[in-house]
Amino acid sequence: MVKAVTNNRERWQSKWGFILASAGSAVGLGNFWRFSYLAGMNGGAAFILVYLVSVLVIGIPLMIAEFLVGKLTGLSIVSAFRKISGNRKLWVALGLIGVIASFVTLGYYAVIGGWVVSYLGQALSGNLPADSVASTAAFGLLSTTPALQVVWYTLFSLIVAGIVSQGVRAGIEKYNRILMLMFLVLLTGMAIYALTLPGAREALGFMFKFDLNKITPLVMLLAVGHTFFSLSLGTGIMIAYGSYLPKKITLPFASVVISIIDAMVALLAGIVIFSIVFSFGLLPDSGTGIAFVTLPPLFAAMPGGVYLAAIFFFMLAAAAITSAVSILEVVATYLMDEWKISRRISTWGSAIFIYLFGLIWTANDITLVDKIAGGYLLVLGALAVSLLIGWTVPINSLAKTLQTKTNHPMLKGFYLLNRYLIPVILICLLVSGTL
Ligand code: TRP
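Here we summarise the structure given alongside this text.

On to the packing of aromatic side chains, then. Counting across every chain of the model gives 24 aromatic pairs. Arranged with centres 5.1 Å apart and planes meeting at 90°, the rings of W115 and F139 form a pair that is edge-to-face. Residue W115 is found in helix α5 (residues 89-124), and its partner F139 is found in helix α6 (residues 132-144); the two are separated by 24 residues along the sequence. Of the two residues, W115 and F139, neither departs from the other in class, the shared state being buried. With 5.2 Å between their ring centres and 90° between their planes, F312 and F313 make a pair best called edge-to-face. Side by side, F312 and F313 carry an identical accessibility label, which is buried. In this structure, R34 is placed above the aromatic ring of F229, and the distance from its NZ or CZ to the ring centre is 4.3 Å. Between R419 and the ring centre of W391, over which it is positioned, the NZ or CZ distance is 3.6 Å.

Moving on, we come to unusual backbone geometry. Residues other than glycine seldom take positive phi values, yet N87 does so here, at roughly 65°. Here N87 lies in the loop between α4 (77-85) and α5. Judged by relative accessible area, which is 49%, N87 ranks as partly exposed. Even without glycine at this site, K340 takes up a positive phi of about 55°. Here K340 shows up in the loop between α14 (305-339) and α15 (343-358). Here K340 falls in the exposed class, since its relative accessible area comes to 69%.

So, about the site of the ligand. Close to the ligand lie 16 residues, the nearest being A26, G30, Y109, F229 and I237. A distance of 3.3 Å separates a nitrogen atom of the ligand from a polar backbone atom of S25. In isolation the ligand offers 360 Å² of accessible surface; the protein chains occlude 100% of this area. Given that more than half its atoms are within 2 Å of the pocket grid, the ligand belongs to the largest cavity. Residue assignment for the shell around the ligand shows that the elements contributing at least two residues are α1 (15-26), α2 (29-41), α10 (217-230) and α14.

Below, the discussion takes up the side chain of T362. As for its position among the elements, T362 is in the loop between α15 and α16 (367-392). Engagement of the side chain of T362 in a polar contact is seen with the backbone oxygen of L359, the distance being 2.6 Å. Aside from chain neighbours lying at most four places away, what touches T362 is V111, S143, P146, Q149, V150 and Y153.

Thresholds, definitions, all that
Residues numbered from 1 in each chain as written. Predicted model: local features only at pLDDT ≥ 70, side-chain atom pairs only at ≥ 80, totals over all residues. Heavy atoms only, no water. Phe/Tyr/Trp six-rings, centres within 6.5 Å; stacked < 30°, edge-to-face > 60°. Helix = DSSP H or I, 4+ residues; strand = E, 2+ residues; numbered from the N terminus. Buried < 20%, exposed > 50% of the residue type's maximum accessible area, 1.4 Å probe, protein only. Lys NZ or Arg CZ within 6 Å of the ring centre and 35° of its normal. Near = heavy atom within 4 Å. Polar contact = N/O pair within 3.5 Å; in protein donor to acceptor, adjacent residues only side chain to side chain. Areas by Shrake-Rupley, 256 points an atom, 1.4 Å probe, with all protein chains shown as cover. 1 Å grid on protein atoms, 1.4 Å probe; cavity = no way out; pocket = protein on both sides within 12 Å on 5 of 7 lines; lining within 4 Å. Sits in = over half its atoms within 2 Å of the grid points. Contact = heavy atoms within 4.5 Å.

This is the structure we're talking about:
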């Protein structure tokens, strides 16, 4: 294990290692599975436009805010909230919500991660279903047969815990570097290929021809809610990753780069998925099953489809693993910081409990838990962070951590966003309850 630089806390080895790890957290199943079905069912371009604006106005400032909380305190969510608030119970409890949300989210995220690994196995062995009837049946069988899912779920969970137990540099940073770089190269290649398909033009129209009438309140809610999920905000992941930062780093730059990578990946994934779907004269509004049910038989019918399918599900697996790693890190680092337990025991201990709890989702529908843990709790967590930055941290501490002047207009803007605009938007989201 690599030695920590100061106060025994491990640090990232390099700025780009940190950026790739955070991008690895952000880029995940959300960019493929969640983004494509949400956009597909909610007017395409209308959803995408609101989503992009929301990344800009809410996502980036909140990501900076989470990194700041981590860097300022050198601690993970609960300990950081405790330190900044002067040990106030309410804040400790709000921090714990982030840990609980991570605990719950990872359970069902790993079940879907297991599906991806299973599809990768089928693609590699040339066993993907060849027509839509077989595909629907195959997915139905997998998602309703706990015994089948447990195998893949276990494999996925072991990979994730294995990476996290090796620590920040030798585990999280190292594997993110490898997996994310491969991922980005493969996805770019695949998107370029997708643009040569007959359905590409229609896909681009669907994604980028804005029709203002399609922007309904529901579309806005879903798009803003998805911003948190996609950028991994609201559970303390970016706080943990920020706590491993060395002194010298420009957080706004890093946050913008990470958010751009995440949004680009969602768009490229959309181009790939929708181009294929339109090329076969289908509509992209089939719901959550689009990646698992609609695509496999289409791959089977394409020239070179066997390879494309293998690459596609490998990318999905890489993206899912790097995100799951970051979710586990929240729980593990909570045990390390609050209870002073070693990384190895924290990681395997929390992984085992999450694993056992998550077994529920191999036999039950995940829609509701995705709505609560992947929706409400994230918004609540994000609200806590923005209020903490906007109302309890003095602006000169912010200026110091961001290495800027107190009266810098960008800092002022950032401060006011966190103090007023973002909390108001988030409270509206929570109250309207349609997430
Ligand atoms: N951002 C990841 C994705 O798009 C998922 C994810 C990672 C996440 N960490 C999270 C979602 C924390 C909610 C909360 O797939």
